[in-house]
Structure formats: structure tokens, C-alpha cells
Amino acid sequence: MSTTERTRTPSEPPVTQPRLGVVGWARWTWRSLTSMRTALFLLLLLAVAAVPGSTFPQRSIDAARTNQWITDHPTAGPLLDRLGFFDVYASPWFAAIYLLLFVSLIGCVLPRLRIHWHQLRSAPPRAPRRLERLGAHARAEVDADPEEVRERLRTVLRSRRYRVHAHDPTTLSAEKGYVRESGNLVFHLALIGVLVGVAWGHLLGWKGDVILPVGQTFANTLSRYDTFSPGPWVDPTDLEPYTLRLDRLDATFETEDTGRGQFGAPRDFTAHTTFTPADGQPEDRTIRVNHPLETGGGTVFLLGNGYAPHITVTDGDGTVIYSGATPFLPQDNNYTSVGAVKVPGAEPEQLGFAGFFLPTGTIDEQGPRSVFPDLLDPQLVLTGFSGELFPDGAPQSVYTLDTGAMAPLPGTDGSDQLRILLRPGDTVDLPDGRGSVTFDGVDRFAGLSIRTDPGKSLTLASALLALAGLVASLVVRRRRVFVRVGPAEGGTRTVVSVGGLAKDDDEGMGDEVTAVLEALEGHR
Amino acid sequence: MTDTTLAQLSNTAIYSAMAVLTLAMLAYALYLARLVPARERAGDEEAERAPELVAAGAAGAEGAEVADDSGPTTPAVPSSPSSSSVASSAPPSPPASGRDDEPVAARKVAGIGYALTVLGTLLVVAGVLLRAAEVHRWPLGNMYEFAIVGSMFVLLAYVAWSTRRDLRWLGLFVVVPVLLNLGLAITVWYTDASELMPSLRSVWLAIHVSVATLSVAVFTIGFSLGILYLVQDRLESSGRSTTFMARLPRARSLERLAYGVHIVAFPLWTFTVIAGAIWARQAWGSYWNWDPKEVWSFVIWVVYAAYLHARATTGWKRQNATWIALAGFVCLILNFAVVNVFFVGQHSYSGL
């Protein structure tokens, strides 16, 4: 009924249209949405829609690269940005596709669930009148009376794991492979579990990043995080109060030049830490890539590392006005790192230094850069500025200097811009008696990411369940076998007719039917 | 033995495998092209009729009509159903695959092709094992290693499957992609033996990447079968017949085989994605980051899921469904050859 209505209605003359009504249209929409064709279309659409997320930089992965891309493409950039191409997986159109797909999935699976439930609890259908019309069929005559043959076949079918039912004294109806449909339904329902798990993790999970130089201690409070992104339902003040001290960070790099780009490639990073749980004793823990630290209030991952040169700035009287390990952010595989030193306490004007830290430094026509990631020849290359560090009080990155309200410090040699190159232990005097800058030494820092995802277990369990269901639905075959027995003409023998009906494209049904007959022979 | 010797041996094994496989390719092509002398053509006619009888027997219904109740033999079940069942179950591949109208010379050529393929497989296995010994780790750390291990899996899958059914007609279409892959591996993707970067040092490398490679290998065979099906189908519907394709099974049978291969590969790929997510959580802190490689793995999964859907959708032609499977394989190739090398992401392990 619905099928004809569905195809006819949209093209019918307007006079009869109101007959369909809101309910009719809703039903039509629902039927269309939950049809296999729509599901197929949505699947293909989902695949296509996911691709831009790999071709355009994504804000959630690399915000800096995204902004750079938009700046580089003044026409396309803002337009694509408005269309959500830099946040594909959070964009309304991507969400629309997968939500429609899941609605379609639910609409498709629920009726099937009901049908399957009934089928599981009811006997296989009555045997058709003419078994030889079935796709697979075999016949034999047996030296036994019909009832005996039928009972033997019943045993044979049971041992082949069929569910057997006799609707009348001369036939048997048998069916097996219900697991195929069960698996299929489990697969689809488990996908909903995956989606719920992902959503749960999004709502209740959080992640925060910390840059922790060697020797420093991180206390798990909101203010200690460099960045903190909580899910919408997270209370960020409710963090497990543990502490983590970074005692040492080992980093090793490939020193053998194989000629194929492996020179300087990272080989191992290990952070040696002292972990003090909220109410416990300090314990030594190592954190490595692939070996995160479970704290009970978030998992600590070692996701990055770099160098934090120890820099001291004194004023004209020799009083220390800045001193500390200052992390510089690595920009390439050789750890050419950028950073800034901000000295708000300097007189008469605030001082700022921006520049590079190079673990194995060289300065050539490409500018200052590092040629190896390890500390073979550490150099600090800085330019100096004076003026106002935080002109409008706006928050700014600690790794860059906003020179909008600053002027270059003149060089001591009379140049317009003070450029400093320091090796560990070096001190340089600033012009006009403003003091000095000292590069005391260099430590490593660990880039730690601390995350929780309460939905991950549900997602994993659902995914594995989906996999199990998928395998069952692909491997198991749904088969029906019907048996009819009757006396042979003029004799005591019995004619056995076995017909097989496969639900899907099933090459082996013919073999199955003959195997049943053969088993009858063997089963005397 | 020093590592350099091992490296040389490994490369020699791969080069030798390529030479052997090239010969296998020629043999298979000769077999399909029927260029071998057809001296025994006269005798073939008879052989040609035999499988048709078998086919009729397999259908079952008619075979049983001849039922003779003259069976004085005591067994209760007369011989006819069992003989019909023997007929239908005796050839591991019922009538559709491999037509037995072949002269002995053709069979010999195909046999040589198969023997050479087995030898080539052993050489690739040797190449992979030597490589593993050379790098002291699971040999799946860069593009070169993915490619040679992938080739190994394709060949092993083919050889293993061949023991269960007659696949001489498929040989050419397995050896050619393998040769292409090995050729690219040794010229474009070659990477000297090196240690792994820290994020790859995990037991999940063996699990995730091995299964991914195996899955791609199985998909490769499915891709070959898909193309063969579409070609054969077009030929059959146009009524033309080329000598080349005549040695292949009928379109309907090819389609079933293609589907059968895909339903092995698809769960493997599903597992790959799940295992990858578990590993991503350990290594990068989050099980799904929409890294380009993850995006493409997801796209591949969705496209092949669409293929399985399309095949189950009544009213969708098998041909169209197969096109979707082919599109899935194109995505796989892009994921390997393009995303690995040109896209910025965390899966930057090409070694190039």
C-alpha cells in the first residue's frame, strides 16, 4: 500500500493532494528516509563530505596553519571558512549527513528488529507444495516407511543446527542462520553505541596542555594549564589535585646519516617524573610516547618536547629582573625554536626580546636555523625591543612579542636594531646602561597533554560489538530446508523430496540439500 | 652476518622475485591468450561437454529424475541422489569457474605460471624476512616496507586460495598489480633500513599495520575480480566473446567471487580502524583526531560499506555496486600513495 502511495502521490493533481495530509507526508518522508537507497546515498555523501577535512587544514588540529591558509587565500579563505571547511567535522552540514544517516539507520533497524524477534520465536514456515520448484532440490527413494524417514531427517537437520518444525505429518520445515540477521542488527545498533560514546566523550571529556621544563612541578589545577578545552558539561574547577614533577627528559635522535632523510629523526623520548597523587606518596614514573601515565584524574601523554633556555636579565644596577627557564617552541624537525622573553619590570621602559633558540645553530642566507635536533652547539639569537609589552592588556602568546607599541633597541655597535647571539654562559650588555642578558644554560621541556574521555570505553565496546556483528552477518548463511516424504508408487519404499531456499545469493544451497540427503543415508 | 649483507640479500630477493613474477605473468598471459599450440583441439570438444553435464547435475532437480530404483544394493538411499551430489560437490568450484576445455599445453603453461608464482611468493617472503632481520623489528615502518609486505600478502592470499579452487585464470590479474607495486616500492619508495620513530614503537605496529596491509592485499584481489566482472559482463551482454576472457568464469560467478573477497577484507579493514583508534589513543592521546590518514581510512570504510549496502539493495544493479567497490579501492590507493606522502598529518611515516 505504502509503496504505491509513495510513488504516486507527489505527481498527482493538486486537488487530491490535501488527502495525504501532514501525517501522510510525514510517513512518506519517513519511508523515504529509511529506505536502503537513501541510506546508500547518505553513505556515499558522508564519504565525499569527509574528504575536505583532509585537504584543507583543520582548526581543531592546527589552528596556526589554518589561519595561515586563510591569510594566503584572501578570496577563497574567508568564504570556505564561513562554509565550515576548516571545521569540517563540527560543521552543520557534516552533522546533518551523519545524523540523517543514523535516523535512517534507526528507522531501518527498528522494524527489522521487531520482525526478527517474531521470527526467532516462531516456527519456520510451512513447506511449499512443490519442492522441486525451489532453487535447490534433490529427491531420493528410501527403504523405510515415511514416518521413520521423516524422523531420521529431523535428527539430521537438528544435528546440522537447523530449527525443525513439522506443520503436518508428511513435511518438515527447517531453518537456520538466524545469527545472520542478529549480527546485522547488532552491527547497526552498535554503531549507535559508537556515536553515543563519541558524543559522551565530547560532552564530558576535557583536554589540557602543559609545557613543563625539567625541574618544574605541575599541579593539576586549571590555572596551571597553558590551554584547557573542557567539554560543555565539564566543571573545570573540579580537577583531581595531584602533582607531577619533571625530573629529567631523555631524547635521542638518529645520528647515522643514511642519506635518505633519517638523519636527526627522533628515536626515543622518555620523561622521568615524580608523580604525587592527591592523597598518596610521591612515586617515580616514566612517561613515554605510547606509554602514557594514568593518574586517575586524566591520562598524561608525552606529546611534544623542546628546549627551555635559562635566561637572566639584569637592570643597570645588576639587580636580576628576569630569570628562568623560558620555553621556545620547535618549528621544524631540527628544533629551530621561536620564543620571547618579556621583562615587564624593566626601567625606564619595559623590555622584550624575541628570537630563536637553535640546539645546533647555524646562520646563513636562510636566516638562523638549527641543523640537528640535539644540543651540539646551542645558540640563542635574540632581537631587543623597548616600550609597552601589553599595550591594550589583551592576552597574547608567551612565545611571540607584540612589538606594536615597542621600538627596537639600538645596537651597541651603533646599528638600528640590537641583535644578540649567545652561547651558554655568555652575557651581553644592553645599550644605554639598561642592564645585561645572560644565557645561563638550557633545559629540555616536556609538552604534556592531559586528557579524559569518559565515552571511550563505550565507543570501544560498541565498535568491537559492531565488528562481531558484522562478521556474523557476513559469514553466516540464512537457509531454509523443506522435506516432504511420501510412499513410493507400488511399494514399501518412501520418496523423499528435499528443497532448499536461501535468503541471499547462496552458491552452496545445492550442496546443502544433497548433503542432507547423504546424511540421511549415513544416519541409519 | 652484517646488516649491510642482509640488506643486499633482501633487495636481491625482491629483485629476483620480480624477475620470477615477470615470467609468471608471461606464462599466465600465454595461457589466457591461447597462444599455446592447440594440437589437442579435437579432443577438447568432448571435454567441453563434460562440465555441462556436471552443471546439470548440480542443479539437482533433473539429475534425480533418472532415479533408478533398481538398486539391489542394500543401502537404503539409492545411488542417484548421491551420484548427483557427487557431481555437484566434486569440483571444488562448481561449473562457473575455470572452463575445462583446455588443451594439455595450455594447462602446462598455466601450471608453469602457478609454479613461478609460488617461487616468486617464496622470494618475496624471503625478502621481507631478511628485511626484518636487517632492521631488527617488525618490517612495517615505512612505505617501502608496507609495499613489500602488502605484495607478500597478495601473493600468499592467492597461493592459499589456489589450493582450494582453480584460480589459474586469475593469476595474471594478481601478478600484474604485485609487480607494479614491487616496482614502485624498489624505485620510488625505497628507504634504507632505519629504526622507528618513538610513536611507532608499540605492539600495535604489529597488529594495526599488519592487518591493514593484509586487508589492502585482499581488497586488491577483490579489485581485480571487480574489474574482470565488469569486463566479462559487458562482453556477455553484447554477445561478443574474446579469446582472452573466455578462459575466465562467467560474469555472475566473477561477481560472487568479488563479493566473497570483499566480505573478507571489509571486517579486516574495520578491525584496522578500531586497532588504529586504540593505538592513536595510546600514542596521541585521543582515539580519533581526524588526521588525514584517519579521514581516508574512514572514507574507505564508508565507501566499502556502501558497496555492501548497494549489493544488498534490491533494485540496485550488481554492476553499479561493483563500481562503488572499485571507487573504494581508488580511495585505498590514494590513502597509500598520496596521503602518506603529500598530506600533512601525524601518519607521516613514509620514510621519504
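A quick note: this is a predicted structure, and the numbers were derived from the prediction, not measured.

1. Some words on the overall build of chain A
Here's step 1: Helix and strand content of chain A: 11 helices and 24 strands.
Here's step 2: Against the 2.2 N^0.38 benchmark of 24 Å for 524 residues, chain A shows a C-alpha radius of gyration of 37 Å, more extended than a compact globule.
Here's step 3: Within chain A, contacts between residues separated by at least 24 positions form 62% of all contacts whose residues are at least 6 apart in sequence.

2. Some thoughts on the nonpolar core
Here's step 1: The biggest cluster of nonpolar side chains holds 172 residues, and the ones touching the most others in it are L43 of chain A together with I148, V299 and V303 of chain B.
Here's step 2: For this core, the element with the highest residue contribution is helix α10 (residues 251-284) of chain B, accounting for 18 residues.
Here's step 3: Not counting chain neighbours up to four residues away, the residues in contact with L43 of chain A comprise L101 of chain A together with V302, A305, A306 and H309 of chain B.
Here's step 4: The next biggest cluster of nonpolar side chains, apart from the first, holds 28 residues, and it includes V481, V485, V498 and V516 of chain A.

3. Section: the sheet that holds strand β1 (residues 136-142) of chain A
For sheets, the rule is that strands pair by backbone hydrogen bonds, running either parallel or antiparallel.
Residues and elements named next belong to chain A.
Here's step 1: Read from one edge of the open sheet, 5 strands run β1-β24-β23-β3-β2, paired in antiparallel fashion. Each of the sheet's edge strands pairs with one partner strand only, and the pair in question is β1 and β2 (163-165). Between one strand axis and the next, the sheet turns by 15° as a mean value, whatever way the strands run.
Here's step 2: Strand direction decides the pairing type here: strand β3 (residues 171-176) and strand β23 (residues 479-487), joined by 6 bridges, are antiparallel. From the neighbouring strand, K176 faces β23, where its bridge partner is R479.
Here's step 3: Against the sheet, helix α8 (residues 146-159) contacts β1, β2, β3, β23 and β24 (494-502), and its axis sits at roughly 165° relative to β23.

4. So, the interface of chain B and chain A
Here's step 1: Facing 58 residues of chain B, the contacting portion of chain A comprises 64 residues.
Here's step 2: Among the elements of the structure, α3 (61-65), α4 (79-89), α10 and α11 (292-312) of chain B are those that each provide at least two residues to the side of chain B that touches chain A.
Here's step 3: Looking at the side of chain B that touches chain A, its residues break down into 34 nonpolar, 18 polar and 6 charged.

5. Side note on the environment of R451 of chain A
Here's step 1: For R451 of chain A, the position within the fold is in strand β22 (residues 436-452).
Here's step 2: For R451 of chain A, a count of 22 C-beta atoms within 10 Å gives the class buried.
Here's step 3: Taking the C-alpha atoms as reference points, R451 of chain A and T299 of chain A, separated by 152 residues in sequence, lie 5.3 Å from one another.
Here's step 4: With near-sequence residues (within four places) excluded, R451 of chain A lies in contact with G205, K207, G298, T299 and F301 of chain A together with G285 and S286 of chain B.

6. Regarding the environment of N290 of chain A
Here's step 1: Mapped onto the elements, N290 of chain A comes out in the loop between β9 (283-288) and β10 (293-294).
Here's step 2: Sequence-wise, N290 of chain A and P408 of chain A are 118 residues apart; in three dimensions their C-alpha atoms are separated by 45 Å.
Here's step 3: With near-sequence residues (within four places) excluded, N290 of chain A lies in contact with S199, R201, S202, Q282 and A283 of chain B.

7. Describing the domain arrangement of chain A
Size of an interface, as often reported, equals the accessible area lost when the parts are brought together.
Here's step 1: Split into domains, chain A comes out as domain 1 (2-116), domain 2 (123-177 + 477-522) and domain 3 (206-452).
Here's step 2: The C-alpha-based centres of domain 1 of chain A and domain 2 of chain A are spaced at 48 Å.

8. Considering the domain arrangement of chain B
Residues and elements named next belong to chain B.
Here's step 1: The domains assigned to chain B are domain 1 (1-42 + 98-141 + 150-195) and domain 2 (197-352).
Here's step 2: Using C-alpha coordinates to define each centre, domain 1 is positioned 21 Å away from domain 2.
Here's step 3: Across the contact, 20 residues belong to domain 1 and 22 residues belong to domain 2.
Here's step 4: Put simply, the parts of the chain that give the side of domain 1 that touches domain 2 at least two residues each are α1 (3-33), α6 (143-162) and α7 (171-187).
Here's step 5: The greatest single-element share of the side of domain 1 that touches domain 2, amounting to 5 residues, is contributed by α6.
Here's step 6: Within the side of domain 1 that touches domain 2, the residues separate by chemical class into 14 nonpolar, 4 polar and 2 charged.

9. Examining the pairing of β9 of chain A
Residues and elements named next belong to chain A.
Here's step 1: With 6 bridges joining them, strand β8 (residues 266-276) and β9 adopt antiparallel strand pairing. Directly across from T273, in β9, lies its bridge partner R285.
Here's step 2: Hairpin remark: β8 followed by β9, antiparallel, with 6 residues in the connecting loop.

10. Comments concerning the sheet that holds strand β7 (residues 243-253) of chain A
All names here are of chain A.
Here's step 1: Spatially, 4 strands are ordered β5-β7-β8-β9 in an open sheet, and the strand pairing comes out antiparallel. The outermost strands of the open sheet, each flanked by one partner alone, are β5 (217-219) and β9. Going from strand to strand, the sheet's axes swing by 30° on average, the running direction of each strand aside.
Here's step 2: Across 10 bridges, the pairing between β7 and β8 is antiparallel. When the bridges of β8 are listed, D250 appears paired with T270.

11. Regarding α10 of chain B
All names here are of chain B.
Here's step 1: The terminal C-alpha atoms of α10 lie 46 Å apart, and with 34 residues this matches the ideal 50 Å at 1.5 Å per residue to within 8%.
Here's step 2: Taking burial as the measure, the 34 residues of α10 include 25 buried ones, the bulk of the element.
Here's step 3: Directly beyond the C-terminal end of α10, a positive phi value near 90° is found at G285.

12. A short note on the pairing of strand β4 (residues 206-213) of chain A
All names here are of chain A.
Here's step 1: The element β4 is largely enclosed, with a buried count of 7 among its 8 residues.
Here's step 2: Where β4 lies against strand β6 (residues 227-230), 4 bridges are found, and the strand directions are antiparallel. Its bridge partner being in β6, G208 is matched across the sheet by F228.
Here's step 3: Direction of pairing for β4 relative to β22: antiparallel, over a ladder of 8 bridges. Counterpart to P213 in the pairing with β22 is F445.

13. Let's talk about the confidence of the model for chain A
Here's step 1: Taken over all residues, the pLDDT of chain A has a mean of 89, while the share at 70 or more is 95%.
Here's step 2: Note on residues 1-10 of chain A: pLDDT is under 50 here. Beyond four places in sequence and across chains, it has 5 contacts.

14. Overview of the confidence of the model for chain B
All names here are of chain B.
Here's step 1: Taken residue by residue, chain B gives an average pLDDT of 81. The fraction at 70 or more is 78%.
Here's step 2: Predicted confidence for residues 38-99 stays below pLDDT 50, and this span has 111 contacts to residues more than four positions away or in other chains.
Here's step 3: Among the scores for the predicted complex, ipTM is 0.87 and pTM is 0.86.

15. Some points on the packing of α1 of chain B against α7 of chain B
Residues and elements named next belong to chain B.
Here's step 1: Packing of α1 against α7 brings their axes to within 9 Å, and their N-to-C directions diverge by 150°. It follows from the interaxial angle that α1 and α7 lie roughly antiparallel. Two packed elements cross with a definite hand, and for α1 against α7 that hand is left-handed. In this structure, α1 uses I14, A17, M18, L21, T22, A24, M25, Y28, A29 and L32 to contact α7, whose residues at the interface are G171, L172, V175, V176, V178, L179, L182, G183 and I186.
Here's step 2: Residue composition of the contact of α1 with α7, grouped by class: 16 nonpolar, 3 polar and no charged.

16. Description of the packing of helix α3 (residues 36-50) of chain A against α11 of chain B
Here's step 1: The geometry of α3 of chain A relative to α11 of chain B is characterised by a closest axis approach of 9 Å and an angle of 160° between their N-to-C directions. Judged by the inter-axis angle, α3 of chain A sits roughly antiparallel to α11 of chain B. The chirality of how α3 of chain A crosses α11 of chain B is left-handed. Across the interface between the two elements, M36, A39, L40, L43, L44, L46, A47 and A50 of chain A of α3 of chain A pack against V295, F298, V299, V302, V303, A305, A306, H309 and A310 of chain B of α11 of chain B.
Here's step 2: Residues belonging to the contact of α3 of chain A with α11 of chain B are distributed by class as follows: 16 nonpolar, 1 polar and no charged.

Basis of the calculations
- Residues numbered from 1 in each chain as written.
- Chains lettered and ligands numbered in written order.
- Predicted model: local features only at pLDDT ≥ 70, side-chain atom pairs only at ≥ 80, totals over all residues.
- Helix = DSSP H or I, 4+ residues; strand = E, 2+ residues; numbered from the N terminus.
- Rg over C-alpha atoms; globule rule 2.2 N^0.38 Å.
- Contact = placed C-beta atoms within 7 Å.
- Core = buried A, V, L, I, M, F, W, Y, C linked by C-beta atoms within 7 Å.
- Buried ≥ 20, exposed ≤ 12 C-beta atoms within 10 Å, placed from the backbone.
- Pairing = 2+ DSSP bridges.
- Axes fitted to C-alpha atoms, helices over the stretch in contact; angles between N-to-C directions.
- Nonpolar A, V, L, I, M, F, W, Y, C, P; charged D, E, K, R; others polar.
- Domains from an automatic or database assignment.
- Expected span 1.5 Å × (residues − 1).
- pLDDT = per-residue confidence, 0-100.
- Parallel < 35°, antiparallel > 145°, perpendicular 65-115°, else oblique.
- Left-handed = near helix turned anticlockwise from the far one by under 90°.

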